[in-house]
Amino acid sequence: MNRPLVWVAVGLALGGYLAAVGLLPGLAAPIALWFVGLLLTLFPVRLGGKRLVSVLLCFLGAGALLWNARYAGPPGDALSRYSTAHPDTRFTLEGRVRRADLVLPGERRVQFLLDVDRVITDGKALALDGGVIVRGGEGGTPLYAGQRVRVAGTLRHVLGPVNPGIQDVEDYLRRHGIHSVLRLREQEAVEFIGSAPWWSPFYCASRLRQVEANRLVEALPESVFPFVLTVWLGDRSGVSREEYQRFVESGTAHILAVSGVHAGIVFLALSFLLRLVTNRRKLRTALTMAGVLLFALVAGARITSMRAGTMIAMYLIAELFDREPDAPTALSVSAVIFMLLNPAVLIDHGFLLSFASVASILIFADPIQAYLSRLPSFLTRLLAPTLAVQALPLPLAVHFFHVLPLAAPFANLLVLPLLTITLGLCLFTTIAALVFPGVAVLFGHALVPVVFLIRTIVEAVAGTGFAHLRVTSPTALAMACYWAGIACLWAAGRRFHRRMWTVAGLASFVLVVVCWRPWRPEPEVTFLDVGHGDAAVIRTPAGATALIDGGDANPYVDMGERVVAPFLWTHHIAHLDCVILSHPDRDHIGGLFYVVSHFSVGEVLLTPGLDAHQAQHSLITECAKRNIPVRHLHAGETVSLGDASLDVLHPPVGWPEGDDVNDHSIVIRLRWPGPAVLFTGDVEAAAESAVRQRDCAAPVLKVPHHGSRTSSSPDFVAAVAPRHAIVSTGGHYGRECVNDAVLDRYTDEGAVLWRTDELGGVTLSLEEDGAAFLSAARATRGYLTQSDLAYAVRTLVLGSHVPAAAAP
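All figures in this text were calculated on a predicted structure; none of them were measured in a lab. (Residues numbered from 1 in each chain as written. Predicted model: local features only at pLDDT ≥ 70, side-chain atom pairs only at ≥ 80, totals over all residues. Heavy atoms only, no water.)

1. Here's the deal with the overall build of the chain
Along its length, the chain carries 29 helices and 27 strands. Taken along the three principal axes of its C-alpha coordinates, the chain extends 90 × 65 × 55 Å. Within the chain, buried positions represent 54% of all 808 residues. Surface summary for the chain: the accessible area is close to 34500 Å², and the carbon and sulfur share equals 62%. Averaged over its 65 positive side-chain charges, the chain has a centre that lies 13 Å from the centre of its 67 negative ones. (Helix = DSSP H or I, 4+ residues; strand = E, 2+ residues; numbered from the N terminus. Buried < 20%, exposed > 50% of the residue type's maximum accessible area, 1.4 Å probe, protein only. Areas by Shrake-Rupley, 256 points an atom, 1.4 Å probe, with all protein chains shown as cover. Lys, Arg positive; Asp, Glu negative; His and termini not counted. Charge placed at Lys NZ, Arg CZ, Asp CG, Glu CD.)

Take a look at the structure:
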């Protein structure tokens, strides 16, 4: 391939990714790769007439060096490291607003990103840089990028749940340099201390975005305003979880983010319209570039939209110099620029989907249009981009959303043209609202039938049983095979050894199915970070799986949907041999409703005597609808999990029924080739006394009742004698706060404490030689914590060949 910049981009990306996953750490290995590549330029290995090996190795090493240099050093930033060393200290922060949420009528809460450069504490002013997300307080006054403000409060460094293998809000924020959160109290406000530079494009864009929102509130009917706010200004706050899920299941979720799809639609629409207006190619190109970049600015200069606009501009710029646009080269240049500015784009979901969408349009739209040349012209112009945009992002979308949208081509064929009309009407509505508000209402009401059609189509497709499949994440090898198949079909379409490339493409797609799941899943026990609540996943060496509790569910967040299900899908678990509910408190049962409705479940195991409890009764009813067997457990029973088993230690037969739901909690001990693990639900003193009558020793303990003072009596702790104690908690924001005296009780017993509110999800992994290790998600990612990182990254629990019923 006579496109050296493509191989430069591939080398940088691959090197950065290998460094990100820890396969090319430090400086020595990347420099060695770079040096070998340099030597090969003197003694070239020629492939297809090009020195591809030397180029790839040079930039593979350069990409790894770039990543390691950018993320070397201590975790976090100067501000987060200082505030971690001074917990519970009140800080006054000064800095410039990086980005702020829109302020809509009736909203009083504020949220914005702040780049801090000055800190005042104990009467001293310190020059500390850091990124902070500010939440809460009383809003009402919009903030704009670049404004200088002052806020005060205590800093925390837990930005959201963090669990192995899945990405959440904390991961997104830290990739963008935000390492602390400051929560304003209701009476606290943001103090303005300096204006933004008037010439700043980001300041102008944020002001324009707020003005647009204010005018659109007046011009748009209430029924379409949330949707328009989403697809035009990139604010998804008005879209409910249920509606968003329907877009995911229909394969049209990409229209709810102002990114590559929107920029691609604007690019194709402008290209088509300008051909009708003028024959001057350079003028058309310049106007198209200006239109795409203007759209990105009008949409608020969001990172995703600016990236997409930049990619298209790089593609079009060749025409200004009388050269044929070359999509692979333009995309490679864009990718190199983005990676140099921020290597973390390599693992950023939004960037990957946006880049893949734009790449699909630029690479495949013309070949598909040529292939469909026998159809009417207007139909080919409609079908080509609709089919093209789905080619490259598909495995990424499946990996991130865990849905295989079988009806996506059909749904997008109908939705994308309607989105084009929607964006056009949004543009006319915005312009009219700024100049002629009365006319804007006409365009605003014209959006009603269009948005109604989009929602109707999405709901109809998502509601069809065969339109989508819930699937586990594909492996990296499966995704590589898919893209190899796409590349082979693209080569076949260029009439170059068509039969050979077609056969190779079909073989690659077969390999996708073969390699979809890992051939040998890792045996492990993971205590998930679900805030205040419990959820633990067991996978044995033979592949048997169990879930114990499912976290909380409330009107704002369902931990079954947000954490438990994504963790299972990401770790290639589509079937659970058993689901165990320790007891029916909301922070244990809440997430299980989502799990039993989206996974294959062998049986659900419940505590006896509580079937009249409303939540447990509802779960039994849900299981009956789905033909899932339900049974109750008593002390002395054993639940088989293939090469492992769960011994039930509580409650015994005849345990008195009463109002104390916590003491009805099921207590079970996992016996498997690794160290025994004791799960205790929320048992309190009375139940702990009963458990102590049996052999309950275990090296690993899930601390009862989130570490609160009602549990973990001294005699119980002594009877279990844990070496490692996992506290599943929301910290001080939990309903039952972690009690310091209880924690001291465990440390006095010699146990190492693992708190999910500080360390994220905690995983007990079993190696082939029988050694067992504990690791924590937040520390493994290199995030700043207040716990001992030496323990939190990887701690040996027991040596090899531990007996199944091992005691400490």
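That covers the picture; the talk isn't over yet.
2. Some remarks on empty space enclosed by the protein
Where empty space is left becomes clear once a probe the size of a water molecule has been rolled over the atoms. Scanning the model with the defined rule gives two cavities of 30 Å³ or more in all. Computed from the structure, the largest cavity encloses a volume of approximately 100 Å³. Every residue lining the largest cavity is counted, 16 residues in all, and those nearest its centre are Asp534, Ile548, Asp549, Phe679 and Lys702. Tallied by class, the residues present in the lining of the largest cavity amount to nine nonpolar, four polar and three charged. (1 Å grid on protein atoms, 1.4 Å probe; cavity = no way out; pocket = protein on both sides within 12 Å on 5 of 7 lines; lining within 4 Å. Points joined across faces, edges and corners; volume = space filled by probe spheres on them. Nonpolar A, V, L, I, M, F, W, Y, C, P; charged D, E, K, R; others polar.)

3. What to know about the pattern of salt bridges
Pairs may arise between side chains of opposite charge once their charged atoms sit close together. Per the counting criterion, the structure on display carries 24 salt bridges. A salt bridge links arginine 98 to aspartate 115, with the nearest nitrogen and oxygen atoms 2.8 Å apart. Residue arginine 98 is found in strand S1 (residues 90-100), and its partner aspartate 115 is found in strand S2 (residues 110-121); the two are separated by 17 residues along the sequence. Residue classification places aspartate 115 among the partly exposed residues on the basis of a relative accessible area of 29%. Each of the salt bridges in this network shares a partner with another, and the network as a whole consists of Glu94, Asp117, Arg118, Arg148, Arg150 and Glu191. (Salt bridge = Lys/Arg side-chain N within 4 Å of Asp/Glu carboxyl O.)

4. Some details on the nonpolar core
General note: in soluble globular proteins, nonpolar side chains tend to be found buried as a group. Judged by nonpolar contacts, the single largest core of 86 residues is most densely connected at Phe227, Trp232, Phe247, Ile255, Leu419 and Ile454. If sequence neighbours within four positions are ignored, phenylalanine 227 has contacts with Phe247, Ile255, Leu256, Thr422, Val451, Ile454 and Arg455. Among the nonpolar cores identified, the runner-up in size contains 37 residues, and Leu605, Val677, Val762 and Ala772 belong to it. (Core = buried A, V, L, I, M, F, W, Y, C linked by side-chain atoms within 4.5 Å. Contact = heavy atoms within 4.5 Å.)

5. Some words on a nonpolar patch on the surface
Taken together, the side chains of Val211, Leu427, Phe428, Ile431, Leu434, Val435, Phe436, Val439 and Leu442 make up a nonpolar region of the molecular surface, amounting to roughly 810 Å² of accessible area. Secondary-structure elements contributing two or more residues to the nonpolar patch are helix H16 (408-435) and helix H17 (437-462). Broken down by element, the residue count for the nonpolar patch peaks at five residues, all from H16. Take valine 211: it is sitting in helix H6 (residues 201-219). By relative accessible area, which is 31% here, valine 211 ends up partly exposed. (Patch = residues over 30% accessible without salt bridge, like charges linked within 9 Å, V, L, I, M, F, W, Y side chains within 5 Å.)

6. Details of the confidence of the model for the chain
Put simply, the chain has an average pLDDT of 86, and 93% of its residues get 70 or more. Per-residue pLDDT stays below 50 along residues 800-808; that stretch engages in 25 contacts with residues further than four places along the chain or on separate chains. (pLDDT = per-residue confidence, 0-100.)

7. Describing the packing of helix H13 (residues 349-371) against helix H15 (residues 394-401)
In contact at an axis separation of 9 Å, H13 and H15 are set at 155° when each is read in the N-to-C sense. One way to sum up the angle between H13 and H15 is to call them roughly antiparallel. Of the two possible hands of crossing, H13 and H15 adopt the one that is left-handed. On the side of H13, the interface is formed by His349, Leu352, Leu353 and Ala356, while H15 contributes Leu396, Ala397, Phe400 and Phe401. (Axes fitted to C-alpha atoms, helices over the stretch in contact; angles between N-to-C directions. Parallel < 35°, antiparallel > 145°, perpendicular 65-115°, else oblique. Left-handed = near helix turned anticlockwise from the far one by under 90°.)

8. Description of the pairing of strand S20 (residues 667-671)
Counting buried positions along S20 gives four out of five residues, so the element sits mostly inside the fold. Looking at chain direction, strand S19 (residues 644-650) and S20 are connected through five bridges and run antiparallel. What sits directly across from serine 645, in S20, is arginine 671. Strand direction decides the pairing type here: S20 and strand S21 (residues 677-679), joined by three bridges, are antiparallel. Across the sheet, residue arginine 669 finds its bridge partner in S21, namely leucine 678. Remark: five residues form the turn of the hairpin made by S20 and S21, two consecutive strands paired antiparallel. (Pairing = 2+ DSSP bridges.)

9. A look at the packing of aromatic side chains
A ring pair, where both rings are aromatic, is described by two values, the distance of the centres and the angle of the planes. Evaluated as defined, the whole model comprises eight aromatic pairs. Taken together, a centroid distance of 5.7 Å and an interplanar angle of 35° make the contact between phenylalanine 428 and phenylalanine 443 tilted. With phenylalanine 428 in helix H16 and phenylalanine 443 in helix H17, this residue pair connects regions lying 15 residues apart in the sequence. Over the aromatic face of tyrosine 783 sits the side chain of arginine 174, whose NZ or CZ is 4.7 Å from the ring centroid. The ring of tyrosine 244 has arginine 236 sitting right over it, with the charged end atom 4.0 Å from the ring centre. (Phe/Tyr/Trp six-rings, centres within 6.5 Å; stacked < 30°, edge-to-face > 60°. Lys NZ or Arg CZ within 6 Å of the ring centre and 35° of its normal.)

10. Re the sheet that holds strand S24 (residues 752-755)
On the basis of which strands lie adjacent, the open sheet formed by seven strands has the order S18-S19-S20-S21-S22-S23-S24 and mixed pairing. Only two strands of the sheet have a single partner each, and these edge strands are strand S18 (638-641) and S24. Adjacent strand axes in the sheet meet at a mean angle of 20° when their direction is disregarded. Running over the sheet, helix H26 (residues 740-748) touches strand S22 (700-702), strand S23 (724-727) and S24 and is turned about 140° from S24.

11. As for helix H8 (residues 241-249)
Residues spaced three or four apart along an α-helix point in a common direction, a consequence of the helix completing one turn every 3.6 residues. Along H8, the residues classified as buried are Glu243, Tyr244, Gln245, Phe247, Val248 and Glu249. Tucked into the core, H8 has its buried residues touching helix H7 (225-233), H15, strand S8 (403-404), H17, strand S9 (469-470) and helix H20 (559-570). Looking one or two places after H8, you find glycine 251, whose phi comes out positive at around 80°.

12. Thoughts on the packing of helix H12 (residues 327-341) against H13
The interhelical angle for the contact between H12 and H13, taken along N-to-C directions, is 160°, at an axis separation of 10 Å. One way to sum up the angle between H12 and H13 is to call them roughly antiparallel. Seen along the crossing, H12 lies across H13 with a hand that is right-handed. Contacts between H12 and H13 involve Ala327, Leu331, Ala335 and Phe338 from the first element and Phe351, Phe355, Val358, Ala359, Leu362 and Ile363 from the second. In terms of residue class, the contact of H12 with H13 is built from ten nonpolar, no polar and no charged.

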